[in-house]
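Here's the letter readout for the chains.
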Amino acid sequence: MVVLANPPVVDQIPLLRSPGPRDSFAAVPVVDLSRPGAARAIVDACERFGFFKVVGHGVSPDTMDRAESEAVRFFAQAQADKDRAGPAYPPFGYGSKRIGLNGDMGWLEYLLLAVDDSASLSDSCAAPSNAAFRAALNEYVAAVRKVAVRVLEAMAEGLGIAAADTLSAMVTEQGSDQVFRVNHYPPCPALQGLLGCSATGFGEHTDPQLISVLRSNGTSGLQIAIPGGGAGAARWVSVPSDRDAFFVNVGDSLQVLTNGRFRSVKHRVVTNSLKSRVSFIYFGGPPLAQRIAPLPELLGEGEESLYKEFTWGEYKKAAYKTRLGDNRLAQFEK
Ligand SMILES: C=C1C[C@]23C[C@@]1(O)CC[C@H]2[C@@]12CC[C@H](O)[C@@](C)(C(=O)O1)[C@H]2[C@@H]3C(=O)O
Ligand SMILES: O=C(O)CCC(=O)C(=O)O
Ligand SMILES: [Fe+2]
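What comes next concerns the included structure. Predicted model only: the values in this text are computed from it and were never measured.

1. Considering the site of ligand 1
Okay, so step 1: Around ligand 1 sit 17 residues, and of these Arg-181, Gln-209, Ala-319, Tyr-320 and Thr-322 come closest.
Okay, so step 2: Contact distances for ligand 1 include 2.8 Å between an oxygen atom and a side-chain N or O atom of Arg-181.
Okay, so step 3: When ligand 1 sits alone it has 470 Å² of accessible area, and the protein chains cover 99% of it.
Okay, so step 4: Under a 2 Å grid-point criterion requiring more than half of the atoms, the pocket assigned to ligand 1 is the largest pocket.

2. Comments concerning the layout of surface pockets
Okay, so step 1: As a volume, the largest pocket reaches approximately 680 Å³.
Okay, so step 2: Taken together, 40 residues form the lining of the largest pocket, with Ile-99, Gly-100, Arg-181, Phe-202 and Leu-324 sitting closest to its centre.
Okay, so step 3: Looking at the lining of the largest pocket, the elements that each hand over two or more residues are β4 (93-99), β5 (104-115), β6 (176-185), β7 (197-205), β12 (267-270) and β13 (277-287).
Okay, so step 4: Counting residues per element, the lining of the largest pocket draws most heavily on β4, at 6 residues.

3. Regarding empty space enclosed by the protein
Okay, so step 1: Under the counting rule described, the total for this entry stands at 1 cavity of 30 Å³ or more.
Okay, so step 2: Counted as a void, the largest cavity has a volume near 40 Å³.
Okay, so step 3: Along the walls of the largest cavity sit Leu-214, Ser-216, Leu-222, Val-239, Ser-241, Phe-247 and Arg-277, which together make up its complete lining.
Okay, so step 4: In terms of residue class, the lining of the largest cavity is built from 4 nonpolar, 2 polar and 1 charged.

4. Quick look at the packing of aromatic side chains
Okay, so step 1: Scanning all chains against the criterion turns up 13 aromatic pairs.
Okay, so step 2: With a centroid separation of 5.8 Å and an interplanar angle of 15°, the aromatic rings of Phe-51 and Phe-247 are classed as stacked. Highlighted residues: Phe-51 in strand β3 (residues 51-55) and Phe-247 in strand β11 (residues 246-250), separated in sequence by 196 residues. Of the two residues, Phe-51 and Phe-247, both sit in the buried class.
Okay, so step 3: Ring geometry for Trp-312 and Tyr-315: centres 6.3 Å apart, planes at 40°, overall tilted. Pair noted here: Trp-312 and Tyr-315 are both in helix α7 (residues 312-319), with a separation of 3 residues, about one helical turn.
Okay, so step 4: Grouping aromatic residues by their ring pairs yields a cluster made of Phe-74, Phe-75, Tyr-94 and Phe-133.

Procedures and definitions
Residues numbered from 1 in each chain as written. Chains lettered and ligands numbered in written order. Predicted model: local features only at pLDDT ≥ 70, side-chain atom pairs only at ≥ 80, totals over all residues. Heavy atoms only, no water. Near = heavy atom within 4 Å. Polar contact = N/O pair within 3.5 Å; in protein donor to acceptor, adjacent residues only side chain to side chain. Areas by Shrake-Rupley, 256 points an atom, 1.4 Å probe, with all protein chains shown as cover. 1 Å grid on protein atoms, 1.4 Å probe; cavity = no way out; pocket = protein on both sides within 12 Å on 5 of 7 lines; lining within 4 Å. Sits in = over half its atoms within 2 Å of the grid points. Points joined across faces, edges and corners; volume = space filled by probe spheres on them. Helix = DSSP H or I, 4+ residues; strand = E, 2+ residues; numbered from the N terminus. Nonpolar A, V, L, I, M, F, W, Y, C, P; charged D, E, K, R; others polar. Phe/Tyr/Trp six-rings, centres within 6.5 Å; stacked < 30°, edge-to-face > 60°. Buried < 20%, exposed > 50% of the residue type's maximum accessible area, 1.4 Å probe, protein only.

Note that all results are geometric; they support no functional claim without further evidence.
See the structure below:
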């Protein structure tokens, strides 16, 4: 029997099967935000996959490129300099390989940053301290939050909710819990010898918030779980990258607000063996006191909530005690 030992650099990082051309999710739903019909298309994608790609968003390529090149510059610094941006208090600040506080590991480094009510990086996070990087991220975060708001408004319209801002207000009102993440996945060449294996960049999970809006530098690696793996199982498919587009994930809280009509999508990142991936993710969450329960307009006659009552603060506290791959919503199901 041949026993393959993991190379030491990836000792504690789980391996995944390297994606191949047959894993490509060519049918990823694409929504053009500038066209009529976007609301219906978004609802359809959220019901089927909890995931879609957004084009026609109007965000300037300069805004995206500036943020990306500043991020590349930040991560190219010496390790000791990056470590100085480490969390003043967890989870915010610079991190490397460790995800969360419960033992999850991935082949990445990242900045996890709090966003304030005016869609700027919160002053409570000193990192990143470089003024040009901070300015570029502030410009990007303001732009991506506008995209999130338009998407949430379109969802409300598509769901037939009378007040257009029912969902979007949750991420714009005072005290809303918005987080921004910059992930850098260096290539993992040590694995080239292990045929067919890649390091886990970011292990499988669902996002706890309402929605996450992601943009990457065009290096592939993001996978989502879609129904249809046979016998009710899910199948992992690779999302073709597109540096000009945004990708939207439905999070756990939106699944609950829609009483399970929208799916909180399971996703993960597989490290590329040749190219670095840089991704930006805006996580739109509500204020801590926001009650997360199915919207009354969405409940049919006699339909009951599938979930126990909770606030976002309660859910977040419970979520941060779980491992990445845990089914966080299970403890709130009736
Ligand atoms: C393992 C963990 C990392 C995470 C907190 C958690 O305990 C479970 C949820 C994880 C997640 C996934 C989406 C976002 O990247 C994130 C910032 C979030 O809100 O929930 C991360 C958390 C993290 O990295 O701290
Ligand atoms: O970096 C990516 O592309 C996705 C990361 C992710 O899912 C997350 O940070 O929650
Ligand atoms: Fe995620």
